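Each chain is listed here by its residues.
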Amino acid sequence: MKRILIVGATSAIAMACARLWAAEGARFFLAARDAEKLAALAGDLRVRGADVASFQMDANDVAAHAGMIEQAFQAWQGLDIALIAHGTLPDQSACERDAALTLREFSTNGLSAIALLTSLANRFERQQGGALAVITSVAGDRGRPSNYVYGSAKAAVSVFCEGLRARLSRAGVALTDIRPGFVATPMTQGLPLPKRLTATPEAVAKRIVAGIARKADVLYAPFFWFPIMLAIRCIPGALFKRMKL
Amino acid sequence: MSWGRYPPLPQRARAANWCGGLPALLASAAKEKGSTLAHGEGRSYGDSCLAASGEVIAMRRLDRFLDADWSSGVLRAEAGTTLADILAVAVPRGWFLPVTPGTKFVTLGGAIANDVHGKNHHRRGTFGRHVRRFGLLRSDRGRLVCAPDAEPALFAATIGGLGLTGLIEWAEIQLMPIASSHVDGLAVRFGDLGEFFALSAELDERHEFCVSWVDCAARGKTAGRGVYMAGDFASDGPRAVENRRRPGVPLTPPVSLVNAWSLRAFNAIYWRKASAKRRYVRGGYDPFFYPLDALPNWNRIYGIKGFQQYQALIPDAEARAGVQALLDAIARSGKGSFLAVLKRCGGDASPGLLSFPRPGVTLALDFPHSGHLEDALFPRLDAIVHEAGGRLYPAKDAHMKGEDFRRAYPDWEKLAALRDPLLLSHFWKRVAQ
C-alpha cells in the first residue's frame, strides 16, 4: 500500500488522483485549508478502501509546514509519494492594481510550494527514495499578459524543481513537475475555456498517477500540451509580445 | 439537453462542487432567475430534468461517498454519485444495488427523484423502497433530514418527486447482498402476447429479474412476438466490477438512423436469432442490466431532432388488451425502436407519492421525433392508456397533457403543495400549472 501525502488535497485534480490511488489501495495523509471539505474527502476515500489521516493547514502558513510534514511521516511510518496540489487562479487585473495582492498570489502559487518542497526534499533525501510531485502549469512556460502573475509563480516552482530534481536524483528520489493545461475545475469555473482543449480532472489525474509511477520529470497533462507549449516557447519575443494570448 | 434531445430547450448550468456551496447557489438562482432545478446526469428523456428558467444546478460533482457499513450494506453518498460509482465500490465487497434501472449512468439523486424501477420490480418494488433517509435542502426551510419517521410528508413527496421538493444533498440506501457478480440468465422467445403472459405467469415468481423485448414492428400473425429474459445472481463465481465501453456514437447524424426499414429488418433478425427453447447462460451483470451503457451516446442515433420515449403502465386487469392495442397502433404507424421493453410490475407499493409503477404491465419504446408523433400517434396511444386506466412515466415524457397527468396521478396536488417554491421544471410547468 502506497503512503501518500497530498497538500491541497481538496482541489479537484488532487481528489481525482486520490481516488485512483485509493482504488489501488493507499494510505493517505491529506492537508487542506477547509476542514469541512477535508472531512468529506476523507470519508469518500475511506469508503473506497483507503486509510486516511488529515491535517488542516493553510499552505501559506509556512510555520505550520514542519509540524504537518512531521505528522505525515509519522502517520504511516514514511511516505512513498508527496503531491503538492494547492493553488488559486489570481484575478490578473486586480493584481495589476495591487502589489500586496500580487505578492500574496505569488506566495500561494509559488513560494508556499517552494517552501514545502524544501522541507520535503530533505526528508525524502534522508529516506533515500520516494516520489515528489508538484502541480505547476503550462502557464509557467511563457509569460502572457492575461495571467503572468500566476504564470511567473508557477515558473518559479518549475525552475526550482529542475534544480532540485538533479540534486534528489542522486538520492534516488524522483521529482515530477506536472504542467496541466486547461482543466474544468472549480478554480477555472466561469472562465471561457476553449472546449476542445479543456480536460476533465479525471483525465488529468490518470496521467498524473501514471506519470508519478514511472517517475516522469516533466509531465504535460493532457499530453497534447507538450507540442503546443514547445511551439509557443519557440515564438520569438518580438512577435510574442504582439500576440493576443 | 435531456437524454431524448427533445424538446430542445437550452439550459445553463451552475456547478455545485461541495454541499456547503449549495445554499449560495440557491440564493443566487433565486435572485437572478426566480427558479432553478437540480440536474444530475441528464438521463431523464423528456423535460422533467430541464429547469423552467433555463438555469440548472449541476449536481454531478457532488459525488463523494460519506460512509459505508460493509457488514450491513448501508451506504451513504452525496446525491451526484452515480449508480456506476456505487457498483465500483460495492460489487467487490459483495453488495449490489437493490434496484437498478437500465443504465448505471444515473445519479443517486435522480434515482430517488424519479423513483426508478428495474427488472426486479415484481420482487423489490422501486428504488425508493430501499432509501433509508436523505438530506434535503429547501430554499424556505434550509437543511432537513427526511426519513419514514422524520419529515414523513417530504420523504414521500421527494421519492418520485421529480426534484421539485428541494435539493437532495445526500442519501442513505440499503444495498442487496450478492454471492457473485455473475448472473444466471434465461432467454426464450415467444410468438405472441398470449405466450408472453403465460411465460410471465410461470417464471416471474421464480426469478429475481425479468424483462422482455418485444418486436414493435411485427404485424398480423407475428404481432406481439418477442423474447422473454430472466435472471438471478449466481450463487458462486467472481465479484468483479464491469465496465464495458465501446467507442460509442461519435456524432449526431442529420436524420434518424432508425426508420421503418431498418426497424423491421433489425427486429426480424433479432427475433429469429433468439432461441425457441429455453436457453440458460451465465454472464456478467453489465450486459445483463446495462446493455446500452456499452454504447456511449446511443441517443444520437435518432438524429438531430432527437427522440421521445413512450412508457406506459397498464393495470393488470386491462393489461392484455391494453398492450395489444398499443402494439397494434405502433406497428401500424411503422414507427418505433429496436429496443421495446415489456415488463410486469409487482404489487409492492412505493413510499413515493408520485411513483410511476403500479401492479400491471409496462411497455416502453423510443420514437424518433417528428411532428407526426404528437399529431397522430401519441394521441391514439394516450387514448388507449386512458381507456385502460393506465398512466405514463414522467421521467420519460415530453408530451403528456396536463389533464392526463393530473388524472393519472391524483396525488399531484400534495406534491404541488410541498414543492420548493424555488424549484420548477419545464415538465411541471407543462402539466401542473
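Residues numbered from 1 in each chain as written. Chains lettered and ligands numbered in written order. Predicted model: local features only at pLDDT ≥ 70, side-chain atom pairs only at ≥ 80, totals over all residues. Heavy atoms only, no water.

A. How the structure looks around the overall build of chain B. When helices and strands are counted, chain B shows 13 helices and 18 strands. Against the 2.2 N^0.38 benchmark of 22 Å for 433 residues, chain B shows a C-alpha radius of gyration of 21 Å, consistent with a compact globule. Projecting the C-alpha coordinates of chain B onto the three principal axes gives extents of approximately 60 × 50 × 45 Å. Once the 55 positive and 43 negative side-chain charges of chain B are each reduced to a mean point, those two points are 5 Å apart. (Helix = DSSP H or I, 4+ residues; strand = E, 2+ residues; numbered from the N terminus. Rg over C-alpha atoms; globule rule 2.2 N^0.38 Å. Lys, Arg positive; Asp, Glu negative; His and termini not counted. Charge placed at Lys NZ, Arg CZ, Asp CG, Glu CD.)

B. The arrangement of helix α6 (residues 148-169) of chain A in detail. All names here are of chain A. End to end, α6 covers 31 Å across 22 residues, agreeing with the expected 32 Å (1.5 Å per residue, within 8%). Listed as buried for α6 are Val149, Tyr150, Gly151, Ala153, Lys154, Val157, Ser158, Cys161, Leu164, Arg165 and Leu168. Buried-residue contacts for α6 involve α4 (92-97), α5 (99-127), β5 (131-135), β6 (174-180) and β7 (218-221). (Expected span 1.5 Å × (residues − 1). Buried < 20%, exposed > 50% of the residue type's maximum accessible area, 1.4 Å probe, protein only. Contact = heavy atoms within 4.5 Å.)

C. Looking closely at the pattern of salt bridges. Counting across every chain of the model gives 42 salt bridges over all chains. Residues Arg282 of chain B and Asp184 of chain B are paired through a salt bridge, measuring 2.8 Å at the closest nitrogen-oxygen approach. One end of the pair, Arg282 of chain B, is in strand β14 (residues 279-284); the other, Asp184 of chain B, is in strand β11 (residues 182-190), and 98 residues separate them in sequence. Given the relative accessible area of 43%, Arg282 of chain B is considered partly exposed. Its relative accessible area of 31% is what places Asp184 of chain B among the partly exposed residues. For Arg430 of chain B, the salt bridge goes to Asp397 of chain B, with nearest N and O atoms at 2.9 Å. Here the residue Arg430 of chain B occupies a position in helix α13 (residues 426-432), and Asp397 of chain B occupies one in the loop between β18 (391-392) and α11 (402-408), the gap between them amounting to 33 residues. Relative accessible area serves as the criterion here: at 2%, Asp397 of chain B is assigned to the buried category. Each member of the salt-bridge network shares a partner with another, and the members are Arg19, Asp44 and Arg48 of chain A together with Glu41, Arg60, Asp63 and Asp85 of chain B. (Salt bridge = Lys/Arg side-chain N within 4 Å of Asp/Glu carboxyl O.)

D. A look at the packing of helix α3 (residues 62-75) of chain A against α5 of chain A. All names here are of chain A. Contact pair α3 / α5: the axes reach a minimum separation of 10 Å and the direction vectors enclose 35 degrees. Crossing handedness for the pair α3 and α5: right-handed. Residue-level inspection shows Val62, His65, Met68, Ile69, Glu70 and Phe73 of α3 in contact with α5, the latter providing Ser112, Ala115, Leu116, Ser119, Leu120, Arg123, Phe124 and Gln127. (Axes fitted to C-alpha atoms, helices over the stretch in contact; angles between N-to-C directions. Left-handed = near helix turned anticlockwise from the far one by under 90°.)

E. The arrangement of the environment of Phe28 of chain A in detail. All names here are of chain A. Note on placement: Phe28 falls in strand β2 (residues 26-32). Of the residues examined, Phe28 reaches a relative accessible area of 0% and is grouped as buried. Each residue touching Phe28, except ones within four places of it in the same chain, is listed here: Ile4, Ile6, Ala18, Trp21, Ala22, Leu45, Ala50, Asp51, Val52, Ala53 and Trp76.

F. Spatial organisation of helix α6 (residues 193-203) of chain B. Residues and elements named next belong to chain B. Among all positions of α6, only Leu193, Phe196, Phe197, Leu199, Ser200 and Leu203 are buried. For α6, the buried positions fall inside an angular range of 160 degrees around the axis, keeping them on one side. Elements in contact with the buried residues of α6: β11, β12 (209-214), β13 (226-233), α9 (319-333), β16 (340-345) and β17 (360-368). Its side-chain oxygen placed 2.9 Å from the backbone nitrogen of Gly194, Asp192 serves as the N-cap of α6. (Arc of directions from axis to C-beta. Polar contact = N/O pair within 3.5 Å; in protein donor to acceptor, adjacent residues only side chain to side chain.)

All we've got here are geometric facts, nothing functional implied.
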